Structures are given as structure tokens and as C-alpha cells.
Amino acid sequence: YIYVKSFNDGHVCVVGDMHELEFIDFSNNHLEGSILESINNLALSRLYMENNNINGTIPSFSNSPYIQEIHLDNNLLTGTIPSSFGFFQSITVLGASYNMLAGTVPSSLNDIPALHS
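Residues numbered from 1 in each chain as written. Predicted model: local features only at pLDDT ≥ 70, side-chain atom pairs only at ≥ 80, totals over all residues. Heavy atoms only, no water.

Participant: Provide a residue-level description of the pattern of salt bridges, including the pertinent values.
Facilitator: In this structure the tally under the stated criterion is one salt bridge. A salt bridge links Arg46 to Glu69; its shortest N-O distance comes to 3.5 Å. With a gap of 23 residues between them, Arg46 in strand E5 (residues 46-48) and Glu69 in strand E7 (residues 69-71) connect regions that are remote in the sequence. Under the relative-accessibility criterion, Arg46 is labelled partly exposed at 27%. (Salt bridge = Lys/Arg side-chain N within 4 Å of Asp/Glu carboxyl O. Helix = DSSP H or I, 4+ residues; strand = E, 2+ residues; numbered from the N terminus. Buried < 20%, exposed > 50% of the residue type's maximum accessible area, 1.4 Å probe, protein only.)

Participant: Requested: an account of the sheet that holds strand E9 (residues 93-95), with residues and values cited.
Facilitator: One open sheet accounts for four strands, arranged E3-E5-E7-E9; its pairing is parallel. Across the chains shown, the open sheet's two edge strands, defined by having one partner strand only, are strand E3 (23-25) and E9. Taking each pair of neighbouring strands and ignoring which way they run, the sheet shows an average axis angle of 10°. Two elements, E5 and E7, share three bridges in a ladder whose sense is parallel. Note on E7: the bridge partner recorded for Arg46 is Glu69. (Pairing = 2+ DSSP bridges. Axes fitted to C-alpha atoms, helices over the stretch in contact; angles between N-to-C directions.)

Participant: Go over the pairing of strand E8 (residues 76-79), please, and point to the residues and values.
Facilitator: As paired elements, strand E6 (residues 53-56) and E8 share two bridges and run parallel to each other. Paired with Asn55 across the two strands is Leu76, which belongs to E8. Bridge analysis of E8 against strand E10 (residues 100-101) gives two bridges, and the strand direction is parallel. The partner of Gly79 across the bridge, within E10, is Leu101.

Participant: Can you explain the pairing of E6? Please cite residues and give values.
Facilitator: In summary, the side chains of a regular strand alternate between the two faces of the sheet. Relative to E6, strand E4 (residues 32-34) runs parallel, the two sharing three bridges. Within E6, the residue paired with Ser34 across the bridge is Asn55.

Participant: I'd like to hear about the sheet that holds E4, residue by residue, with values.
Facilitator: With respect to topology, four strands assemble into an open sheet ordered E4-E6-E8-E10, the strand pairing being parallel. Every interior strand has two partners, whereas the edge strands, E4 and E10, have only one.

Participant: Can you lay out the side chain of His71 for me, pointing to particular residues and giving the numbers?
Facilitator: Structurally, His71 can be placed in strand E7. Taking the relative accessible area as the measure of exposure, His71 reaches 12% and is therefore buried. Apart from residues no more than four positions distant in its own chain, His71 is found in contact with Leu47, Tyr48, Met49, Glu50, Val93 and Gly95. (Contact = heavy atoms within 4.5 Å.)

Written out as C-alpha cells, the structure is:
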């Protein structure tokens, strides 16, 4: 289960037993703060967190090798796209535009036929 509590200041508290959680949609919620590294413990297939005020770096999603969609557009993310994303052979959408990312896109992403440009 997952329980999401939104506070007046835009922060969100999330608690619950999430080890089998596959889909997260926190889009368009004025969320602030960074994506916790504990998200790497989830076996996600889809993550929607676009149009918020999320900062920090993009996690590796190391426990989600079959992730299909990552939507992180329109946030305040910094750093680079993790090179581990090149191992996600099931990924079809990677949205990270309109952030403050630097560096180059990992060349391994070019080898994923299902990834849309």
C-alpha cells in the first residue's frame, strides 16, 4: 500500500509497504525536494514525476531493470542522466527535458530500439 499526504507548503509525506509498487504518478503536484535514493529499492515499471519542483540528481533505478517509462520533465534536476539507463532494454520513454542537467546523454541509450526520441 502507499499513503500520500500533501501539506500546505507543497511537501509530501509518503509511507507504506512499497516493495511491490510498480507505478508512481506524482505529476503536477508542486512537489519540492529530491528523489530519495530509497526509490532504488522499488521494482518500478513506470514513474511520472514531471511538472514539479524536484531538485537533486536522477537516481540510478538500480532495482528496476524492466522500467518502461521515466517522466521527469519540468523539474529542477541537476547532474547527468545515469549511465545505468543504457541497460534498461524495456524503456520506451525517458523524459528529462526542462531541467538543469549537464553532460552528454549516455551513448548506450542509442542501442535501445524501443526508446522514443
